[in-house]
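Residue strings, one per chain:
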Amino acid sequence: MDKSARPNIYNIAAHGGFADALAQGLIDRHAKDEFGLARGLIILPNNRARKAVHDAFVRLSESGLLLPQMAVIGDLELDESVGVALDSGQLNLDVLPAVDSMDRLLMLAQLVQQGSRDRGQQLLAKDALRLAREFARTLDQLTVEEIELRQLFDIAVEPELSEHWRNSLAFFRKIAEQWQVKLNELGRVDQATRRNTLFNEISRTWQKSSSQQFIVAAGITTSAPAIARFLRSVAFLPHGMVVLPDLDMIMPDDEWAMLGSSGTERDGAPRRRGHETHPQYHMKLLLERMSIARGEILRWPRTGESGAAAKRSRALSHAFAIPELTSRWQSLQSAERSLAGVQLIEARNSGEEAQTIATLVREALEQPERRVSIITPDRSLAVRISAHLKRWEINADDTAGQPLSKLPEGIFFLHLLSVIADDFPPAEFLALLKHPLVHAGENRLDWLENVRNLDLLLRGPRPAPGLSGIDTLFGSDNKRTASLREALQSWWNETRQQFKAITSALHGEVDWADLLDEVRRLADVLTHGSIWVGPGGRGLADFLSDMEMREELGPSQIQRTELAGYFETFLSDVRIRPAYGGHPRVAIYGLLEARLQQADLVICCGLNEGSWPQAITPDPWLAPMVRKSLHLPEQERQIGLSAHDLVGAMGAHDVILSRARRDSSGPALASRFLLRLKAMTGGSLKPHPDALKWGQFIDQPAERIAHPRPAPEPDAQQRDVSLSVTQVDRLNADPYAFYASKIMNLSSLEMIDAEPGAAWRGTIIHEILEKWAKQDEYDSEKLVQRAEAFLNDRSSHPLMRSLWAPRLIEGLKWIAETVARNREAGRVPILSEQYGIAEIAGVQLSGIPDRIDRMPDGSLAIVDYKTGGAPSNRAVKEGFNLQLGLLGALAELQAFKGASGQATEFEYWSMAKKNDKFGHVQSPTKGRGDNFVASDAMVDHATAQFNEAVNFYIRGTEPMTAKLHPEHCYDDYDQLMRLEEWYGQADMDEEPAE
């Protein structure tokens, strides 16, 4: 290399349209004959950049071209290898092969888990995997920066570290030494080590070569020492050149110098840390490592047609000035702060942002040949935008891809593991059986019918864990579910058998090979093979094959409960990128993929802190002080790279910046980059005039329709129904709920895996008390024994056993003691839970009293058990709780066998706590003032209210109005009556409609 020669190094500014400018410039230089370009080699940073430059050549060729060879230096973050044209196979270089990335991760996880055990710590397999990934990332940074392992043993700041960081550093050294021994045994090197060696060898080979091939290194901004030396060798080749992207040539020299540097001064003293969050810092570091001054860099002679005006680059340079120089903004002329062509959108939330961007893309595509790029690091936002675009059948290539864990195949696989590991919890198990991939095909409808029946069977509190817990439901004597059990029995036996092998594989110590085999088999059986179809399915199949081939590298210890988390750690890093073939003028990019891409309209979205720039993840292995002493890049350098990505994206002709004021976690803070742009422009960064309105108009009706309160009017035949005493209360308070329940025969379902609520507890209490009355004949001691036997049954709900048991036992003791005292006083229970029916007001009225007692004078006492508080006297008096009075009326009509006479006592026996004691008797016939119904008038009062309800709603034509008395209503039918659409509106008093 001639040290006096001038380097061939150029720059294309952000507004220059890198791909088109590069292609046009090379055409001008080398396309003088038809083989001119074909004799060249263009080296690009990654595969996406190669495609962008290839497309640019195609756009700019008039009569066809023989294109130059293109190679990539690869990107560790994109999991790309060095291009074939640069690899040792073509250049005949002796470079050791790199260890497989999955082998590396699994072996490091084993070392971390074993090392933790040696230190007396038990580390979960998924945590070992996460730490192994972070270890690999830190080790790669050390390798890329050419910091030798021995430097870790001579760190001057180590005595100043806290105990935690000293232990972490010692652990890192131990794992690093063990890993190096492992690599030597395998005859492999790390990928980062191989890349360094490869580029060093290529640099030496090319310097000695006399080839006439022109070589262009374009768009490479990696500041690694080996890459810097490689670029320097290319810049000084006789037919070589380096073309940099987005280097700030406008920045004054004094500001350029103030960016700082990394390394040491000539006297050996450490330099002051640079402004690593600045978008030009890594470019300055690259030039320093290339030993090339910024003044030696030439401007590329051509610019692309889709780029912005040059003055925008000047404004962006001012906007991202280092903090000490931002005071200059006050003296800037309007032309120097202008961001003409840049517009802003600030949506209310992420959903509105996605819909607005999709609308903008749709509008842009109305212009022929107009290309649109959507750039965001927020993958969830990218998915939403892509989904909204499909409204117009626009399939946008999301080039950053989606993690396999978020695709249907990955979701199914992880859900399958979670269900099995957690012992088949009902809600999760049903979600698995209903997954779209399960039994996909012509028999899916039959499968779903059975799953829906199982759903009905599993309604209510959770059964005992495991498949055996579900088996107990099929052995139940519940009459309500008898038909369901009979219809499902054979299907359940067959389905249960499919899970038998996997539950056996997870019983006791997990055998890794058997587990992988059984999981694959079960997934295949449940989905009839459809899980392996498509990009996501193929990715999952490849992943499982890789894991099965490496079964000896699986975790040394793993618990069944962490299986889903362990595999999710893997699948979240497996990116599934769609095959090319989406809309030719629309693409969605992540920050890495967007580099060197160009379009006529660029939409930069997700400009919030934590998204762009992304949140900084601290290094769990090396303390910040250690990283600084080793001259490793600060974690904050990623902010500078994100800023450089934004500046590059804003070089397009038209740019829209977008953010949401709220995200899924709450209010969001605007990106520091966006705040800088706003501050520098002094408020001249204008919002897009129409975008938000377009997005909102799509789903907003032109006119809001007032929904009246539902009030159906069934005909006389539909109204001719029998009633139970509990349905009368619903008829009076909420006629619509009565209509839905009794006339339409629609009943509300319990939640799956429901907590044991008041209704469920009441059912259990009534069942215990009924058996106590009918089988134990009110034996005081046997009531508590029966309750304890129920609580000790492992199939009973754990919340019942742990929290409600003391209250239950105390309440039942009070009932047993009270009944015993009453019997001694001559008050004898004569029946319990007996069905009775009689005709009142021309309607068949039925009821089941909890208990009826014979009083000493021969009259009857009607008793109703309550697990909570009793109804108020006012509710009884106003006719919204007529149960006791109507049961008394049925008793007087001899509807209950063995109970005849006049009903004189009406009591609620509540098990709730009152005056520090569990259990008390409350009667609506006792109270103060007029807030009660006299006992001798109770039956007449209830009958009169019942007659009135029958005349209105059963024999009459009164509309079944919804929520007539909301204070006495339940919410069972709120969704059916679409309550939120009309309740509380000003038009509530308008004429009800059907």
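(A) Representation of the overall build of the protein. From N to C terminus, the protein includes 36 helices and 24 strands. In terms of C-alpha radius of gyration, the protein reaches 38 Å, well past the compact-globule figure of 30 Å for 994 residues. Each principal axis of the C-alpha atoms in the protein carries an extent, and together these give about 125 × 65 × 60 Å. For the protein, the residues scored as buried account for 53% of the 994 residues in total. Taking all contacts inside the protein whose residues are at least 6 apart in sequence as the whole, residues at least 24 apart take part in 77%. When the accessible surface of the protein is summed, it comes to about 46,400 Å², and 48% of that surface belongs to carbon and sulfur atoms.

(B) Geometry of the sheet that holds strand β18 (residues 828-831). Strands sit in the order β18-β21-β22-β23-β24 across an open sheet of 5 strands; the sheet is mixed. Every interior strand has two partners, whereas the edge strands, β18 and β24 (917-922), have only one. Strand-to-strand twist across the sheet, computed as the mean angle between neighbouring axes with direction ignored, equals 30°. As defined by bridge partners, strand β22 (residues 860-866) adjoins strand β23 (residues 903-914) across 7 bridges and the pair is classed as parallel. Pairing of Y865 across the sheet is with W909, part of β23.

(C) Focus on the pairing of strand β3 (residues 69-72). The pairing of strand β2 (residues 40-44) with β3 spans 4 bridges and is parallel. Across the sheet, I42 pairs through a bridge with M70, a residue of β3. Taking the sense of rotation as the criterion, the β-α-β connection linking β2, helix α2 (residues 47-60) and β3 turns out right-handed.

(D) Here's a closer look at the environment of A224. Tracing the chain through its elements places A224 in the loop between β4 (214-218) and α8 (225-235). Exposure remark for A224: the relative accessible area of 6% places this residue in the buried category. Ignoring sequence-local partners within four residues, the contact set of A224 consists of V144 and R289.

(E) Examining the packing of aromatic side chains more closely. Counting across every chain of the model gives 24 aromatic pairs. Judged by centre distance (6.1 Å) and plane angle (50°), the ring pair of Y736 and Y739 falls under tilted. Here the residue Y736 and the residue Y739 both occupy positions in helix α29 (residues 735-743), the gap between them amounting to 3 residues, near one helical turn. Judged by relative accessible area, Y739 falls into the buried class, the value being 16%. Pairing W982 with Y983 gives two aromatic rings, centres 5.8 Å apart and planes at 75°, and the pair type is edge-to-face.

(F) Main features of the sheet that holds strand β20 (residues 843-847). On the basis of which strands lie adjacent, the open sheet formed by 3 strands has the order β17-β20-β19 and mixed pairing. The open sheet has two free edges, formed respectively by β17 (723-724) and β19 (836-840), since each of these has just one partner strand. When β19 meets β20, the two strands line up antiparallel, connected through 5 bridges. When the sheet's bridge partners are listed, E839 is paired in β20 with Q844.

(G) Helix α6 (residues 163-186), seen in detail. Its 24 residues place the ends of α6 35 Å apart at the C-alpha level, agreeing with the 34 Å of an ideal helix rising 1.5 Å per residue. Taken together, the buried positions of α6 are S168, L169, F171, F172, R173, I175, A176, W179 and L183. For α6, the elements touching its buried residues are α4 (101-118), α5 (125-144) and α23 (624-629). Backbone geometry just after α6 places G187 at a positive phi near 70°.

(H) Up close: unusual backbone geometry. With omega at 5°, the peptide bond leading from W612 into P613 counts as cis. Residue placement: P613 occurs in the loop between β13 (601-604) and α23. Of note in the backbone geometry, E777 takes a positive phi value of approximately 50° without being a glycine. A residue is classified by how much of its surface remains accessible, and E777, at 61% relative accessible area, is exposed. Here the phi dihedral of N915 falls at roughly 55°; this positive angle occurs in a residue that is not glycine. With a relative accessible area of 68%, N915 lands in the exposed category.

(I) Representation of the nonpolar core in the model. Ranked by internal contacts, the top residues of the largest apolar core, which has 91 residues, are F429, L454, F499, M547, Y566 and F567. The dominant element in this core, judged by the number of residues it contributes, is α5, at 9 residues. In terms of nonpolar packing, the next biggest core, distinct from the first, is built from 41 residues, L831, L882, A895 and Y953 among them.

(J) Fine view of the pairing of strand β5 (residues 240-245). When you tally the buried positions in β5, you get 6 out of 6 residues, the bulk of the element. Residues G240, V242 and L244 line one face of β5 and the alternating positions M241, V243 and P245 line the opposite face, and both faces are buried. Direction of pairing for strand β1 (residues 9-12) relative to β5: parallel, over a ladder of 4 bridges. Along β5, the bridge assignment pairs I9 with V242. The pairing of β4 with β5 spans 4 bridges and is classified as parallel. From the neighbouring strand, V216 faces β5, where its bridge partner is M241.

(K) Highlighting the packing of α8 against helix α10 (residues 281-290). At their nearest, the axes of α8 and α10 sit 8 Å apart, and the two run at 65° to each other. Once α8 is placed against α10, the crossing between them reads as right-handed. Between α8 and α10, the residues in contact are P225, A228, L231 and R232 and L286, R289 and M290, respectively. Across the contact of α8 with α10, the residue classes break down as 5 nonpolar, no polar and 2 charged.

(L) The arrangement of empty space enclosed by the protein in detail. For the structure on display, the rule yields 1 cavity of 30 Å³ or more. Of the voids in this model, the largest cavity is the one considered here, and its volume is about 30 Å³. In this structure, the largest cavity is lined by L106, A109, Q110, Q113, A125, L553, G554, P555 and Y566. Split into classes, the residues belonging to the lining of the largest cavity amount to 6 nonpolar, 3 polar and no charged.

Criteria and thresholds
- Residues numbered from 1 in each chain as written.
- Predicted model: local features only at pLDDT ≥ 70, side-chain atom pairs only at ≥ 80, totals over all residues.
- Heavy atoms only, no water.
- Helix = DSSP H or I, 4+ residues; strand = E, 2+ residues; numbered from the N terminus.
- Rg over C-alpha atoms; globule rule 2.2 N^0.38 Å.
- Buried < 20%, exposed > 50% of the residue type's maximum accessible area, 1.4 Å probe, protein only.
- Contact = heavy atoms within 4.5 Å.
- Areas by Shrake-Rupley, 256 points an atom, 1.4 Å probe, with all protein chains shown as cover.
- Pairing = 2+ DSSP bridges.
- Axes fitted to C-alpha atoms, helices over the stretch in contact; angles between N-to-C directions.
- Right-handed = clockwise from strand over helix to strand, strands pointing away.
- Phe/Tyr/Trp six-rings, centres within 6.5 Å; stacked < 30°, edge-to-face > 60°.
- Expected span 1.5 Å × (residues − 1).
- Core = buried A, V, L, I, M, F, W, Y, C linked by side-chain atoms within 4.5 Å.
- Left-handed = near helix turned anticlockwise from the far one by under 90°.
- Nonpolar A, V, L, I, M, F, W, Y, C, P; charged D, E, K, R; others polar.
- 1 Å grid on protein atoms, 1.4 Å probe; cavity = no way out; pocket = protein on both sides within 12 Å on 5 of 7 lines; lining within 4 Å.
- Points joined across faces, edges and corners; volume = space filled by probe spheres on them.

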